[in-house]
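Read off the chains here:
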Amino acid sequence: MKITRRFAIGLGTAAAAGGVLGAGAGAGTAAAAPAAPDRSTRRLSATYAREVARAEGTWSSLISVGPDVVVEQQPDKVVNAQSVNKIAVATAVLDKIDRGLLTLDQRVDVTSAIVIQDTDGVFALDRAYPSSVTLGHVMSTLLTVSDNTAVRLCGLVCPAAELNEILQAKGFVHTQVVPVQNPNRFFLGTTTPRETHTLLTKLVSGQLLSPTSTDFLLNVLRATSAFTDGVRLNLTTPERLRVATKAGWFNEDRHEAGVVFDPAGAAVATYAMFATGPFSGDDAVNTTDFAATHPALRARQVIGRALFDVAGAAAAPVSTRVHRTPAYRPSNGG
């Protein structure tokens, strides 16, 4: 469903009356509203509608605050997940660690043949191979700077077929990687907004991984070195540390999914936003623009600020588990 400005006007009216985007709703329609939506929740719905209309493109999203769904737009549409699925890849590797099949300090070899010579990540910058790193280092680079060589390194210890089996066993039938001829390599594959949203809510509630692995994954996703050009751009450093996020981008796709925590470390909001072009003003310049200047990212920046503010006032956490927010401790070396 392509969001248009005319549709957004209708959605904004529905949101002001307490409506949210409905699953399976056609263009120009909105699902019935919750019985008594909060004013800030209605404002968040309207903000989403306005910014998505401004950015244009085709959006599939699921956003919740506490137990309440605020935005639900084509949540079951199967989409190319791009690097958002790196959360799923890390989940599968950590699942094997939880079962004693791998260890976080286990080392893998980084050879010149396995390094993807793209302009993302850090492994391609080394120019010194072979080397070796721990799985902890691999997944840290996988989830912060979104290193694509780290995907291949994960594949060395968790081949594509096994990775998909682990995810299927956890109930994720659409969140799957795409195998290639080499069993240890794969493309990042597909998901749906609902499955990514469910993966995140199950993660913070302790239903996916051990407490140790859960803490590892959330700590990396909340790091200051994790993605900041979208939802977290208009947040302060302490605020950014309360948002665990992962973005994905390739060709016309601009995606982001994550969790917002309250100051005590309770998860209070979950979001999964998948968007593909053409976007507003698309041309040869911004179809290859993956930075904060892209229309879809500009939309997520405004939505992210609104979501954080609404989540800060939310009364009900997603689960009773607390994942304490790390304090920011800058250093000058030494």
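Residues numbered from 1 in each chain as written. Predicted model: local features only at pLDDT ≥ 70, side-chain atom pairs only at ≥ 80, totals over all residues. Heavy atoms only, no water.

### Quick word on the environment of asparagine 182
Within the secondary structure, asparagine 182 sits in the loop between β6 (176-179) and β7 (186-191). Residues asparagine 182 and glycine 155 lie 27 residues apart in sequence; the distance between their C-alpha atoms is 9.8 Å. A polar contact of 2.9 Å, which involves the side chain of asparagine 182, links it to the backbone nitrogen of asparagine 184. (Helix = DSSP H or I, 4+ residues; strand = E, 2+ residues; numbered from the N terminus. Polar contact = N/O pair within 3.5 Å; in protein donor to acceptor, adjacent residues only side chain to side chain.)

### Some points on the sheet that holds strand β9 (residues 253-261)
The strands making up a sheet associate through backbone hydrogen bonding, with each pair oriented either parallel or antiparallel. With respect to topology, five strands assemble into an open sheet ordered β2-β1-β10-β9-β8, the strand pairing being antiparallel. Strand pairing shows two members of the sheet lacking a second neighbour, β2 (68-73) and β8 (243-250), which therefore form its edges. Recorded for the sheet is a direction-independent mean angle of 10° between the axes of neighbouring strands. Sheet analysis places strand β1 (residues 56-65) next to β2, joined by five bridges and oriented antiparallel. Paired with serine 61 across the strands is glutamine 73, a residue of β2. (Pairing = 2+ DSSP bridges. Axes fitted to C-alpha atoms, helices over the stretch in contact; angles between N-to-C directions.)

### Focus: helix α6 (residues 160-169)
Buried within α6 we find Ala160, Leu163, Asn164, Ile166 and Leu167. Around the axis of α6, the buried residues are gathered within 160° of arc, so they sit on the same side. α6 presents Glu165 and Ala169 as exposed residues on the side facing more than 90 degrees away from its buried surface. In the core, the buried residues of α6 are packed alongside α3 (86-98), β6 and β7. (Buried < 20%, exposed > 50% of the residue type's maximum accessible area, 1.4 Å probe, protein only. Arc of directions from axis to C-beta. Contact = heavy atoms within 4.5 Å.)

### Observations regarding helix α4 (residues 135-143)
Counted residue by residue, α4 has seven buried out of nine residues, so it is predominantly covered. Among all positions in α4, only Leu135, Gly136, Val138, Met139, Thr141, Leu142 and Leu143 are buried. The inward-facing, buried residues of α4 abut α3, β4 (107-110), β5 (131-134), α5 (148-157), α8 (211-221) and β8.

### Details of the confidence of the model for the protein chain
Close inspection of predicted coordinates is inappropriate in any region flagged by low pLDDT. On average, the protein chain scores 88 in pLDDT, and the residues at 70 or more come to 88%. Counting interchain partners and residues more than four positions distant, the pLDDT-below-50 stretch residues 1-36 has 60 contacts. (pLDDT = per-residue confidence, 0-100.)

### Here we look at unusual backbone geometry
In this structure, the amide linkage connecting tyrosine 129 to the following residue, proline 130, adopts the cis form with an omega of 0°. Along the polypeptide, proline 130 turns up in the loop between β4 and β5. Proline 278 follows glycine 277 through a cis peptide bond whose omega is 10°. Counting through the fold element by element, proline 278 comes out in strand β10 (residues 267-279). Of note in this structure, arginine 127 is not a glycine but carries a positive phi near 60°. Here arginine 127 is to be found in the loop between β4 and β5. In this structure, asparagine 251 takes a positive phi of about 50° despite not being glycine. Within the secondary structure, asparagine 251 is located in the loop between β8 and β9. Looking at asparagine 251, the relative accessible area reads 51%, which means it is exposed.

### A word on the side chain of aspartate 147
Assignment of secondary structure puts aspartate 147 in the loop between α4 and α5. No salt bridge is formed by the buried aspartate 147; the nearest opposite charge belongs to lysine 86, separated by 6.9 Å. Contacts of aspartate 147, omitting those with residues within four sequence positions, involve Lys86, Gly121, Val122, Phe123, Thr141 and Leu142. (Lys, Arg positive; Asp, Glu negative; His and termini not counted. Salt bridge = Lys/Arg side-chain N within 4 Å of Asp/Glu carboxyl O.)

### Focus on the state of the cysteines
When the sulfur atoms of two cysteines share a covalent bond, that bond is a disulfide. All chains considered together, the criterion is met by zero disulfides. Of all cysteine sulfurs, the one in cysteine 158 lies closest to cysteine 154, which takes part in no disulfide; the gap is 8.0 Å. Judged by its relative accessible area of 1%, cysteine 154 is buried. (Disulfide = S-S within 2.5 Å.)

### Section: the packing of α4 against α8
Close contact between α4 and α8 brings their axes to 9 Å; oriented N to C, the two are set at 40°. As far as their axial angle goes, α8 and α4 are oblique. Where α4 crosses over α8, the handedness of that crossing is right-handed. From α4, Gly136, Met139, Ser140 and Leu143 reach across to α8, where they touch Phe216, Leu217, Val220 and Leu221. (Parallel < 35°, antiparallel > 145°, perpendicular 65-115°, else oblique. Left-handed = near helix turned anticlockwise from the far one by under 90°.)

### Let's talk about the sheet that holds β7
Strand order across the open sheet formed by three strands is β3-β7-β6, with antiparallel pairing between neighbours. Bordering the open sheet on either side are β3 (79-80) and β6, each of which pairs with just one other strand. Alignment of β3 against β7, held across two bridges, turns out to be antiparallel. Looking at the pairing, asparagine 80 lines up with threonine 190 of β7. Where α6 meets the sheet, it contacts β6 and β7, and its direction lies at approximately 160° from that of β6.

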